[in-house]
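Each chain is listed here by its residues.
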Amino acid sequence: MKNPQLNKHGELQHLLAIDGLPKSVINHILDTASSFVSIGERELKKVPLMHGKSVFNLFFENSTRTRTTFEIAAKRLSADVINLNIAASSASKGESLLDTIDNLAAMHADMFVVRHATSGAPFLIAQHLNDTKQHHVHVVNAGDGRHEHPTQGLLDMYTIRHYKKDFSNLTVAIVGDVLHSRVARSDIHALTTLGAAEVRVIGPQTLIPSGLEQMGVRVFTNMNEGLKGVDVVIMLRLQNERMNGALLPSTQEYFKQYGLTPERLALAKSDAIVMHPGPMNRGVEIDSAVADGSQAVILSQVTFGIAVRMAVMSIVSGSHG
Amino acid sequence: MKNPQLNKHGELQHLLAIDGLPKSVINHILDTASSFVSIGERELKKVPLMHGKSVFNLFFENSTRTRTTFEIAAKRLSADVINLNIAASSASKGESLLDTIDNLAAMHADMFVVRHATSGAPFLIAQHLNDTKQHHVHVVNAGDGRHEHPTQGLLDMYTIRHYKKDFSNLTVAIVGDVLHSRVARSDIHALTTLGAAEVRVIGPQTLIPSGLEQMGVRVFTNMNEGLKGVDVVIMLRLQNERMNGALLPSTQEYFKQYGLTPERLALAKSDAIVMHPGPMNRGVEIDSAVADGSQAVILSQVTFGIAVRMAVMSIVSGSHG
Amino acid sequence: MKNPQLNKHGELQHLLAIDGLPKSVINHILDTASSFVSIGERELKKVPLMHGKSVFNLFFENSTRTRTTFEIAAKRLSADVINLNIAASSASKGESLLDTIDNLAAMHADMFVVRHATSGAPFLIAQHLNDTKQHHVHVVNAGDGRHEHPTQGLLDMYTIRHYKKDFSNLTVAIVGDVLHSRVARSDIHALTTLGAAEVRVIGPQTLIPSGLEQMGVRVFTNMNEGLKGVDVVIMLRLQNERMNGALLPSTQEYFKQYGLTPERLALAKSDAIVMHPGPMNRGVEIDSAVADGSQAVILSQVTFGIAVRMAVMSIVSGSHG
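Residues numbered from 1 in each chain as written. Chains lettered and ligands numbered in written order. Predicted model: local features only at pLDDT ≥ 70, side-chain atom pairs only at ≥ 80, totals over all residues. Heavy atoms only, no water.

**Focus: the packing of helix 3 (residues 97–106) of chain C against helix 4 (residues 121–131) of chain C**
All names here are of chain C.
Alright, step 1. Axis separation between helix 3 and helix 4 bottoms out at 11 Å; the angle between their running directions is 55°. When the interaxial angle is binned, helix 3 and helix 4 end up oblique. Crossing of helix 3 over helix 4 shows right-handed handedness. Contact residues: L97, L98, I101, D102 and A105 in helix 3; L124, I125, H128 and L129 in helix 4.
Alright, step 2. Along the lines of polarity and charge, the residues of the contact of helix 3 with helix 4 split into seven nonpolar, one polar and one charged. (Axes fitted to C-alpha atoms, helices over the stretch in contact; angles between N-to-C directions. Helix = DSSP H or I, 4+ residues; strand = E, 2+ residues; numbered from the N terminus. Parallel < 35°, antiparallel > 145°, perpendicular 65-115°, else oblique. Left-handed = near helix turned anticlockwise from the far one by under 90°. Contact = heavy atoms within 4.5 Å. Nonpolar A, V, L, I, M, F, W, Y, C, P; charged D, E, K, R; others polar.)

Here it is in structure tokens:
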């Protein structure tokens, strides 16, 4: 099946996944974002690129943080934003997902920012809009199940490019619960596409999906070995709910084996940067000394994230079906 | 008592109910809406008619869908929108309804869009604002108890007029749980006022209010007989909660007797249109083949609904007390 | 420690408490508010003073009413407003308060309006922003624990000044649950700073904090004595939850001893004004005849409150670190 996120001219009309995105499209997004980074620092933070457009935040799964970043990005593009907490809405009245989508599209929506607990939901929505020729509506995936979180992947790439310029010599380590992480999946696809020299994944055997090596990734279960000589460390958030299951021992035990401490970070290159998608669990996956240390670029990720989302929204809303 | 929704010049200052609205006012709303329909399709969807005005969505009863349509309409008129979920607010702090209203009016509100589980609540609010000479605040009823849902009634009329041009030769059937439906009540008043040739109501005896014939309506309990030769079929949503009571057998039984299937729809005129206020229960009151069929104009209702709400909001906010 | 709400030029960069605010700063806020009062009455209620700025309503404690007043004030200043109900957000994901703050600041926020159940939380946030040189973000306290509610205190002063012109001859009585009232605390500091002739506090012994006399306040447990000859009566809301504890007898008993009735009000000066921060408990702390009577200025407080919040927001966002 044709990739529904690109139109027939190869332009980005929806952002659903990093998987399948050509390098040129990723670079176009990052270049566009770079022009938006300075806007946040100006006295007047708004540009009129989406003035008069209606952006719907469709959060079938609650996430105040992520919703906020998209809301700010849309408002800085001068769009009107409508927040819909769908969990509390028609979904509970027995309406089907696609009926909800058709209804909102009929209100002349221009964009759906979709968060959903089910992998593939934004893909399903975009495919349906394409099939029914509702080309005026663009879909941006704000995280779907364990699948992808493409804007997080893109802002991570923006951050790495900002600090390291070139991907071709970089060794990047992604540490933690890769099995349940849509961020990890998006990052791996992006790093591979952009030509990182080596992508490593570090975590307990139980939290590493099998067959990951076929994605061009080196797997380490020993943290100290995995960190040796890396340029970039991407820490993943440990979901508290995993602790209740059989997958992990206690958080103390986890921190002892996979927590990023200053001692461990010293194994990486001396100019290595430390990233985290937030919110952080201090003392679980990351030590406060590292989180607040000079190598951490975690708050830069947040700042760049707004610019990257502005770039994605303005690019897809400027494309045609 | 004087109709509180019209000022002394007979202009619409609040929209509370279709009941009591002169034909000329209804037509003025529909004509105004028609100028707004094209706005939704433009690149720039905003007009400055309510720039600087503050619209408060006062939803004492939760309804994300309806709140969204009013929020979009207000934003396309360039108003500022404040969403208040009052169920979770001061109401629970023991404050009286009218104290809440006076407080919000004192913030120089321009409009209250009111949804309330109690029939008559928007009427009470409008009457109070009139009595206390707070003429700068206009009330729009977004659904009150079993009473009326006037903007739904108006958008239904807009839709019928769009497809059928003239009301005077039309036979319209309203099907379902008429007893609990504020939509049905608004539709019946509107159709009668606009001079529809015949208004029919179809449903089980237990869901038809007694005395309906006095509103100029023909009642059918047999679906096949009721649909014969009609130009317009308005399906009502079956509230799931009715099923738990003694009023109805199972949903399967209901669908068998009153569900709109292609076979049943064939009894209506060949160019009959099918309407539904949404959200639909597919397989309960309507068959998917009909909902997605060529005679369904359900998504057009949604699109027209935004324009009709823009018309109502701009008309009432332009009136004076 | 230096007062974190003033910058090195003595300008207001955060509004955290009335306590410690110089008289000149209070008067500057009231004078600025006065220019905003008329804006609410204009056809076009907006001024572009904060166009392009991002105001975050950070409500760690739910309060629809207060959030609404800040949202309106910010929108009338043309700011973009982001509402965050933090109780339901990252706080529950184990993130620390200051990590949340740093994250939002990294999104280039311009202002945090903070409501928190813990006394001192806005102070902590402002101190942290100052310490980390994030001077672009300004904090406004929208109520913290039992500590202060400075914008309520300022709008109360605006109201008193509006009706009584000069503070130097005024006797003001604050009546009710002073112990738990942040409003009372802000009012006492403001009245003292502005040079009111006498500030009285009236309430049951159990609801009067000890040592209040050292704030320059006269304490009365007998309502009739306390009201004699006063110019201004500020009634406090009785929190229903206090009734469950051992601090108070029944609401009927409370009303009998401390409820403001027309008879009691007659003990004050004949031109005394009656104030209440809302929402009112009619029949508990205030009789309806008084609440709706000609001496009540309760709805004026609400109107002035928007102008005062506009003044505070525009002043702090115009200051530099």
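Once you've had a look at it, read on.
**What to know about the interface of chain B and chain C**
Alright, step 1. The partner chain C presents 26 residues to the 26 residues of chain B that form the contact.
Alright, step 2. Roughly 2300 Å² is buried in total at the junction of chain B and chain C, and carbon and sulfur atoms are behind 50% of that figure.
Alright, step 3. Taken together, the links from chain B to chain C amount to four salt bridges.
Alright, step 4. The partner of K45(C) in a salt bridge is D110(B), with the nearest N and O atoms 2.5 Å apart.
Alright, step 5. Counting only elements with at least two residues in the side of chain B that touches chain C, the list comes to strand 1 (54–59), strand 2 (80–85) and helix 3 (97–106) of chain B.
Alright, step 6. A class-by-class count of the residues in the side of chain B that touches chain C yields nine nonpolar, 10 polar and seven charged. (Buried area = accessible area lost by both parts, 1.4 Å probe. Salt bridge = Lys/Arg side-chain N within 4 Å of Asp/Glu carboxyl O.)

**Topic: the packing of aromatic side chains**
Alright, step 1. A full pass over the atoms with the stated rule returns nine aromatic pairs over all chains.
Alright, step 2. Seen in terms of ring centroids, F56(C) and F112(C) are 6.0 Å apart; in terms of plane orientation they differ by 85°. Their pairing is edge-to-face. Of this pair, F56(C) sits in strand 1 (residues 54–59) while F112(C) sits in strand 3 (residues 111–116), and the two are 56 residues apart along the sequence.
Alright, step 3. Here F112(C) falls in the buried class, since its relative accessible area comes to 0%.
Alright, step 4. Arranged with centres 5.7 Å apart and planes meeting at 40°, the rings of Y254(C) and Y258(C) form a pair that is tilted. Of this pair, Y254(C) and Y258(C) both sit in helix 8 (residues 251–258), four residues apart, roughly one helical turn. Here Y254(C) and Y258(C) have matching classes, each one buried.
Alright, step 5. Sitting over the face of the ring of F70(B), R309(B) holds its NZ or CZ atom 4.9 Å from the ring centroid. (Phe/Tyr/Trp six-rings, centres within 6.5 Å; stacked < 30°, edge-to-face > 60°. Buried < 20%, exposed > 50% of the residue type's maximum accessible area, 1.4 Å probe, protein only. Lys NZ or Arg CZ within 6 Å of the ring centre and 35° of its normal.)

**Side note on unusual backbone geometry**
Alright, step 1. Cis peptide bonds are those with omega within 30 degrees of zero, and the linkage from G278(B) to P279(B) qualifies with -10°.
Alright, step 2. Despite not being glycine, S78(A) has its phi angle at roughly 70°, a positive value.
Alright, step 3. Within the fold, S78(A) resides in the loop between helix 2 (64–76) and strand 2 (80–85).
Alright, step 4. We note that K165(A) has phi near 65°; this positive angle belongs to a residue other than glycine.

**A few points about the interface of chain B and chain A**
Accessible area lost on assembly of the parts is the figure often given for the size of an interface.
Alright, step 1. Each side of the interface is counted separately: chain B has 26 residues, and chain A has 26 residues.
Alright, step 2. Contact between chain B and chain A buries roughly 2300 Å² in total, counting both sides, with carbon and sulfur atoms accounting for 50%.
Alright, step 3. At the junction of chain B and chain A, the tally comes to four salt bridges.
Alright, step 4. For E95(A), the salt bridge is made with R65(B), and the minimal N-O distance between the two is 2.5 Å.
Alright, step 5. Taken together, the connections running from chain B to chain A amount to 11 residue pairs in polar contact (both at pLDDT 80 or more).
Alright, step 6. Listing elements by their share of the side of chain B that touches chain A, those giving two or more residues are helix 2 (64–76) and helix 11 (298–318) of chain B.
Alright, step 7. By residue number, the principal contributor to the side of chain B that touches chain A is helix 2 of chain B, which donates nine residues.
Alright, step 8. Residues belonging to the side of chain B that touches chain A are distributed by class as follows: seven nonpolar, eight polar and 11 charged. (Polar contact = N/O pair within 3.5 Å; in protein donor to acceptor, adjacent residues only side chain to side chain.)

**Let's talk about the side chain of D187(A)**
Residue and element names in this part refer to chain A.
Alright, step 1. Among the structural elements, D187 can be located in helix 6 (residues 182–193).
Alright, step 2. As a buried residue without a salt bridge, D187 has its nearest oppositely charged side chain in R309, at a separation of 10 Å.
Alright, step 3. When near neighbours in sequence (up to four residues on either side) are disregarded, D187 contacts Q152, G153, D156, M157, I174 and I234. (Lys, Arg positive; Asp, Glu negative; His and termini not counted.)

**Brief notes about the sheet that holds strand 7 (residues 217–220) of chain C**
Residue and element names in this part refer to chain C.
Alright, step 1. A sheet is described by the order of its strands in space; here five strands give the open sequence 7-6-5-8-9, paired in parallel fashion. Edge strands, defined here as strands with exactly one partner in the open sheet, are strand 7 and strand 9 (273–275). The mean inter-strand angle of the sheet, taken between neighbouring strand axes irrespective of direction, is 20°.
Alright, step 2. Against the sheet, helix 6 (residues 182–194) engages strand 5 (171–175), strand 6 (198–202), strand 7 and strand 8 (232–235), with an angle of about 170° to strand 5. (Pairing = 2+ DSSP bridges.)

**Points about the side chain of H108(B)**
Alright, step 1. Within the fold, H108(B) resides in the loop between helix 3 and strand 3 (111–116).
Alright, step 2. Ignoring any residue separated from it by four or fewer positions in sequence, one finds H108(B) in contact with S54(B), G40(C), E41(C), K45(C), R76(C) and T303(C).

**Regarding the relation of the copies chain B and chain A**
Alright, step 1. Of the transformation superimposing chain B on chain A, the axial component is 0.0 Å and the angular component is 120°, with the fit at an RMSD of 0.0 Å. Here the transformation between the copies is reduced to the relation of a three-fold axis. (Least-squares fit on C-alpha atoms with pLDDT ≥ 70 in both.)

**Things to note about the sheet that holds strand 1 of chain C**
Residue and element names in this part refer to chain C.
Alright, step 1. Here we have four strands laid out as an open sheet, ordered 2-1-3-4, and parallel in their pairing. One side of each edge strand has no neighbouring strand; the edge strands of this open sheet are strand 2 (80–85) and strand 4 (138–144). The average undirected angle you get between the axes of adjacent strands in this sheet is 15°.
Alright, step 2. In the sheet, strand 1 pairs with strand 3 via five bridges, with the strands oriented parallel. By the bridge assignment for strand 3, F59 is matched with R115.

**Describing the pairing of strand 1 of chain B**
Residue and element names in this part refer to chain B.
Alright, step 1. When you tally the buried positions in strand 1, you get six out of six residues, the bulk of the element.
Alright, step 2. Direction of pairing for strand 1 relative to strand 2: parallel, over a ladder of six bridges. Within the sheet, the bridge partner assigned to F56 lies in strand 2 and is I82.

**Notes on the environment of P204(A)**
Alright, step 1. The topology assignment puts P204(A) in the loop between strand 6 (198–202) and strand 7 (217–220).
Alright, step 2. If near-sequence neighbours (up to four positions away) are discounted, P204(A) is found in contact with G176(A), L248(A), Y254(A) and Y258(A).

**Quick word on the UniProt feature "binding site: L-aspartate" (unreviewed entry) in chain A**
Residues and elements named next belong to chain A.
Alright, step 1. Feature annotation in UniProt assigns "binding site: L-aspartate" (unreviewed entry) to the following positions: K93, R182 and R237.
Alright, step 2. Counting through the fold element by element, R237 comes out in the loop between strand 8 (232–235) and helix 8 (251–258).
Alright, step 3. Here R237 falls in the buried class, since its relative accessible area comes to 12%. (UniProt positions renumbered as here; feature names shortened; annotations may be inferred.)

**Regarding the packing of helix 3 (residues 97–106) of chain A against helix 11 of chain B**
Alright, step 1. Relative orientation of the contacting elements helix 3 of chain A and helix 11 of chain B amounts to 40°, with a least axis distance of 8 Å. Regarding the angle of helix 3 of chain A to helix 11 of chain B, the classification is oblique. Crossing geometry of helix 3 of chain A relative to helix 11 of chain B is assigned as right-handed. Note on element contacts: helix 11 of chain B touches helix 3 of chain A through L299(B), V302(B) and T303(B), opposite D102(A), N103(A) and A106(A).

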